[in-house]
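For reference, the chains in residue letters:
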Amino acid sequence: MGTQARFLFCWLCLQVIFATVFSEDWEVEVVPKIDALVSSCVVLPCTFKYPGEQLPYSRLRGIWHKKEMHDIIYHEDKTLIVDSFKGRTKLLGDLGQKNCTLEIDKVKDHDNGPFCFRAEIPNYNKFSFVKNCVSLSMKLKPATPTLEQREVLEDGVPTTFKCFIRHTCPSHPPTITWSRGHKDAIMKNRDIGHATWEMESLLTFTPTEDDDHTYLNCTASFHGSESSTGHIRLYVKRKANILHVIIPVVAVLGTAILFGGVCFFMTKKYKQQIQELQSRDSNGMLSRLSRMSHRIRSVDWNFP
Ligand SMILES: *[C@@H]1O[C@H](CO)[C@@H](O)[C@H](O)[C@H]1NC(C)=O
């Protein structure tokens, strides 16, 4: 490789490095449509990229606005926020980490949006991502939680029940309570993507015969004022008691023994009778024969 070629190669390498580090374009990643429960909160996940070197939080400014740029719903200078959103918006994301996640609290039924993010590098550069805004789909009532259980419950056998509900307010997730024994329940909140979260509660309790045909409820209480309840009916199978095994076994064995005994005695009795008959039969023959010979002899004797 000649000196010139080597120089060209190094220059190309530097170009590639600079292109990846410094020439990133303005970009934003949001979920375009999110369900929002009125009176609760909704979190709008957001990450962004800007050209040039990475800047600290202090050098960046994040703004959220409606389609009209002057309808500001979030700004670090609260006096610039429109009245209807004052005190209800919070930037959860760290701008220094290129995270522009927004929380809207006390959601109202006209908070549909669309809402767009705007990044500013004061005295240098700014960009409104008006092509990637977020619309909210308003829900006046929450969905009912789903309850899952094993098909058949057994008396005295501990069983785990699962109750879960989807939501879009991970900063104040709903709580789940049960109609019985909920102090031992385990709650888990997990991100299932597309700005949606799932709160689940696992409850383990031991049903008894008394619980048969009763209802088990689980209630999801959302941040704000809404709640919803789901239920299932319990069907409890009676305990597989040792008596339930012994009684049929004894019954079957008893019948078998009785039947066997009867058969044994019957055959014994019949055998005896047959023997008796046989012996009587041969006796009869003999007596008849002796009688005959007697008669013959007596005939002889009658001859003079
Ligand atoms: C952005 O910030 C939110 C709120 O702190 C956090 O839940 C989320 O995981 C962050 N997103 C990324 C991609 O780091």
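The structure presented is a predicted model; accordingly, all values stated were derived computationally and were not measured.

### Description of the site of the ligand
Around the ligand, a shell composed of Thr47, Leu92, Gly93, Asn99 and Thr101 is seen. The separation between an oxygen atom of the ligand and a polar main-chain atom of Leu92 is 3.5 Å. Contacts to the ligand include Asn99, whose side-chain N or O atom sits 2.4 Å from an oxygen atom. Out of a free accessible area of 360 Å², the ligand has 36% covered by protein chains. Looking at side-chain class alone, the shell around the ligand contains 1 nonpolar, 4 polar and no charged residues.

### Remarks on the pattern of salt bridges
Applying the stated criterion across every chain yields a total of 15 salt bridges. A salt bridge links Glu27 to Lys49; its shortest N-O distance comes to 3.9 Å. With a gap of 22 residues between them, Glu27 in strand β1 (residues 27–30) and Lys49 in strand β4 (residues 46–49) connect regions that are remote in the sequence. By relative accessible area, which is 43% here, Glu27 ends up partly exposed. When its relative accessible area of 34% is taken as the criterion, Lys49 is described as partly exposed. Here Lys237 makes a salt bridge to Glu154, at a shortest N to O gap of 3.9 Å. Of the two residues, Lys237 sits in strand β20 (residues 236–237) while Glu154 sits in strand β13 (residues 153–154), which places them 83 residues apart along the sequence. Salt bridges linked by common partners bring Arg61, Glu76, Arg118 and Glu120 together as one network.

### Digging into a nonpolar patch on the surface
Side chains of Leu258, Val262, Met266, Tyr270 and Ile274 sit close together on the surface and give an oily, nonpolar patch of about 530 Å² of accessible area. You can see Val262 is positioned in helix α2 (residues 242–302).

### Considerations on the sheet that holds strand β8 (residues 102–104)
Spatially, 3 strands are ordered β3-β8-β7 in an open sheet, and the strand pairing comes out antiparallel. With partners counted over all chains shown, the strands left at the sheet margins are β3 (42–44) and β7 (89–91), one partner each. Here the average twist between neighbouring strands, direction ignored, is 20°. In this sheet, β8 lies alongside β3 in antiparallel orientation, the contact comprising 3 bridges. Its bridge partner being in β8, Val42 is matched across the sheet by Ile104.

### Points about the confidence of the model for the chain
Per-residue pLDDT for the chain averages 84, and the proportion of residues at 70 or more is 81%. Per-residue pLDDT stays below 50 along residues 16–21; that stretch engages in 3 contacts with residues further than four places along the chain or on separate chains.

So, how was this worked out
- Residues numbered from 1 in each chain as written.
- Predicted model: local features only at pLDDT ≥ 70, side-chain atom pairs only at ≥ 80, totals over all residues.
- Heavy atoms only, no water.
- Near = heavy atom within 4 Å.
- Polar contact = N/O pair within 3.5 Å; in protein donor to acceptor, adjacent residues only side chain to side chain.
- Areas by Shrake-Rupley, 256 points an atom, 1.4 Å probe, with all protein chains shown as cover.
- Nonpolar A, V, L, I, M, F, W, Y, C, P; charged D, E, K, R; others polar.
- Salt bridge = Lys/Arg side-chain N within 4 Å of Asp/Glu carboxyl O.
- Helix = DSSP H or I, 4+ residues; strand = E, 2+ residues; numbered from the N terminus.
- Buried < 20%, exposed > 50% of the residue type's maximum accessible area, 1.4 Å probe, protein only.
- Patch = residues over 30% accessible without salt bridge, like charges linked within 9 Å, V, L, I, M, F, W, Y side chains within 5 Å.
- Pairing = 2+ DSSP bridges.
- Axes fitted to C-alpha atoms, helices over the stretch in contact; angles between N-to-C directions.
- pLDDT = per-residue confidence, 0-100.
- Contact = heavy atoms within 4.5 Å.

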